[in-house]
Each structure stands twice: as structure tokens, then as C-alpha cells.
Amino acid sequence: MPRLTIVVPAYNEAAVLEAFHARLNRVLDDLPMDCSVLYVDDGSSDDTWSLIEGVVHRDARTGAIKLSRNFGKEAALTAGLDHVDADAAVVIDADLQDPPELIPSLVERWREGYDVVYATRTAREGETALKRLTASLFYRSMERLSDTSVPRDTGDFRLLSRRALEALRQLRERQRFMKGLFTWIGYRQTAVYYLREPRQAGRTKWNYWRLMQLAIEGITSFSTAPLRLATWVGLLSSVLAFLYGTWVFGKAALYGDPVKGYPSLMVAILFLGGVQLLALGVIGEYLGRNYAEAKQRPLYFIEERRRPRAEIRSPL
């Protein structure tokens, strides 16, 4: 019988964890597969870990990993996928915005021969117009700027075959943008469409600042377009400054017009200074990435691990 592992990263999800596991269990009970669940507690500060331990105690097919601190969702995802030993894995968040009831559809497409089956949102309920607008702009910007085409309106909710999992384990970069890495590995990929539900309980961990950081991470991980843009802006500024200087010199030489220096000089200095600082900021982002990679620190540390009791009774 094929084996399927559900990887669930969780950070301060105590308010919704029990409801999520109940819905997930109903789905897995109907799947003709050997299913297991792996929770990854990303250093939660609430009762998430104690609730996970309770679930592990009650459900023999559930295991858990507790990271030593909050490393971020990308590292938590990596930790979970690193510990999967199954024919396929499904990544899903615990907030119930991604419905567990869609998992059978993902499995069906996997059985048709696809290595990555990602869930694409047709609508995003319970989110503000600004949130939907910024998300749309991000995905469309990634589509134009990145050398790797990231599917539009697609999060981390997806199924990965064993071959895709083994490929991902070879990618050990520290600055991780998992949505891009899932696409970068290639293989046969397809989409399943669904309506994203509003969060059932608790509060989102993704404020606008963190979303902006994630967007910068994605663009700098999979594109050098900002560096090229800085080059072209600098070149255009130089051309415009040269043309403007030629025009001012010619007007003064031919018509004797006095040069009104102070306002135009201040505008030119402020404009060129802003361009230079922007270019330095872009270069700094890429330099910072190289600095983080050069340190070669581990992606995460595990504080505790709970193996499924079924796995302990029947070791592979």
C-alpha cells in the first residue's frame, strides 16, 4: 500500500489545532493509503506543543517535531520534509484556510503520474482588498522578474512525490523561498483549484511587514532583475544629466541666459543621491544573502521528537 505523510508546520496555532486534526483525520480515514501525520512546532509560545503531544498520544499515526526556537515557516517546512519517509508528502497549514478535504484530489493527480500537485486559490475569502491586491501584485511580479515561473495565487499547500522530496533535500540554501524551490526542481507539475476559506480561529502571523520581507526574499532568491534595474536607472540618470547639462551650457553660450543654479543643483543632487542609495540597498540585499550562505549554519535544530506509535511498533 502506498504511504502518504501529511506535514503540518505550526506556530502558535493552539486555537485551531484540535479542529484541524479532527477534519484531517476524517479525510485520512477514507484514503486507501497508509497515512501518517507529522507536526512541526516552530518554537510556539502558546500551548501548541502540549496540544500536539496530546494528539500524538491519542493518534498512533501522528508524530511531531519541536524546533529549538522559531526559525520561520520556510525552515519548519524544510524540517518536516527532511523527516518524511513515504511515497508522497502533502504540505498543509494548520489554520484551516487550506481545506484538508482537497487532499484526495491531490492524491488522485499524483497517481496520474505528477510529481508536484499544487493547490491554486480561485478566491481568498476573509481577506481585505488590500491583502488580495498585494498578493496579486507579488505573484505577477515574480512571474515577470523570476527566471523560475512561480504559479500564480499558489501557497505551500501541495503534494510532493518521493522523487520531488529527494530533489528538495539537495537544496540546502539558508535563505529559503519554498514556493520558488518547489517550482525550481521541475518534474511533472499540475494544479488543483480551490476556494480558500477564512481563518477559523487565532490570528494570522503574516502582517504586511513579514509579507514584504517574504516578497524581497522571493525576488532576490530567484532573480537578478533588481541589480539590472539599478544598472539601467543609473545609466538613464547619467544620460539625462548629460543632456540637461548640454542644454544649459548651450543656452548660456548662445543666448546669454543666466544659469539658475541653486534649485536645479539641489534637485540634481537629491535625485542622484537617491538613485545611488537605492542601488546600494539592492546590492546590500544580495551581499547579505552571500554573507548568510557563507556562514553555513544549520537550517534548524530539533529540541524534541515524537515518532508515531505505529512506526515504533513496525519499524521500516
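Going by the annotation in an unreviewed UniProt entry, the name recorded for the chain is Glycosyl transferase family 2, with Dyella jiangningensis given as the source organism. Within the UniProt record for the chain, the comment given under Sequence similarities (unreviewed entry) is "Belongs to the glycosyltransferase 2 family. GtrB subfamily." Of the chain, the UniProt comment under Subcellular location (unreviewed entry) reads exactly: "Cell membrane".

Chemist: Give a detailed account of empty space enclosed by the protein, specifying residues and quantitative values.
Modeler: What the rule picks out here adds up to 1 cavity of 30 Å³ or more. Estimates place the volume of the largest cavity at around 60 Å³. Among the elements of the structure, helix H3 (73-82) and helix H6 (162-168) are those that each provide at least two residues to the lining of the largest cavity. For the lining of the largest cavity, the element with the highest residue contribution is H3, accounting for 3 residues. Here the lining of the largest cavity is composed, by residue class, of 4 nonpolar, 1 polar and 4 charged.

Chemist: An account of the nonpolar core is needed here, citing residue identities and associated values.
Modeler: One finds Leu-4, Ile-6, Tyr-39, Ile-103, Phe-157 and Leu-159 to be the most contacted residues of the largest nonpolar core, which totals 36 residues. Among the elements that make up this core, the one with the highest residue count is helix H1 (residues 17-29) (5 residues). Once residues lying within four places of it in the same chain are set aside, the contact partners of Phe-157 are Val-90, Val-91, Ile-92, Asp-98, Pro-99, Leu-102, Ile-103, Leu-106, Tyr-118, Ala-119 and Tyr-194. Membership of the second largest hydrophobic core comes to 30 residues, among which are Leu-77, Leu-160, Phe-182 and Ile-185.

Chemist: Got a sec to walk through unusual backbone geometry? Specific residues and values, please.
Modeler: The phi dihedral of Leu-96 falls on the positive side, at around 65°, and the residue is not glycine. Structurally, the position occupied by Leu-96 is in the loop between strand E4 (88-91) and helix H4 (103-111). Unlike most non-glycine residues, Tyr-187 shows phi in positive territory, near 65°. By secondary structure assignment, the location of Tyr-187 is in the loop between helix H7 (178-184) and strand E7 (189-196).

Analysis parameters
- Residues numbered from 1 in each chain as written.
- Predicted model: local features only at pLDDT ≥ 70, side-chain atom pairs only at ≥ 80, totals over all residues.
- Heavy atoms only, no water.
- UniProt positions renumbered as here; feature names shortened; annotations may be inferred.
- 1 Å grid on protein atoms, 1.4 Å probe; cavity = no way out; pocket = protein on both sides within 12 Å on 5 of 7 lines; lining within 4 Å.
- Points joined across faces, edges and corners; volume = space filled by probe spheres on them.
- Helix = DSSP H or I, 4+ residues; strand = E, 2+ residues; numbered from the N terminus.
- Nonpolar A, V, L, I, M, F, W, Y, C, P; charged D, E, K, R; others polar.
- Core = buried A, V, L, I, M, F, W, Y, C linked by side-chain atoms within 4.5 Å.
- Buried < 20%, exposed > 50% of the residue type's maximum accessible area, 1.4 Å probe, protein only.
- Contact = heavy atoms within 4.5 Å.

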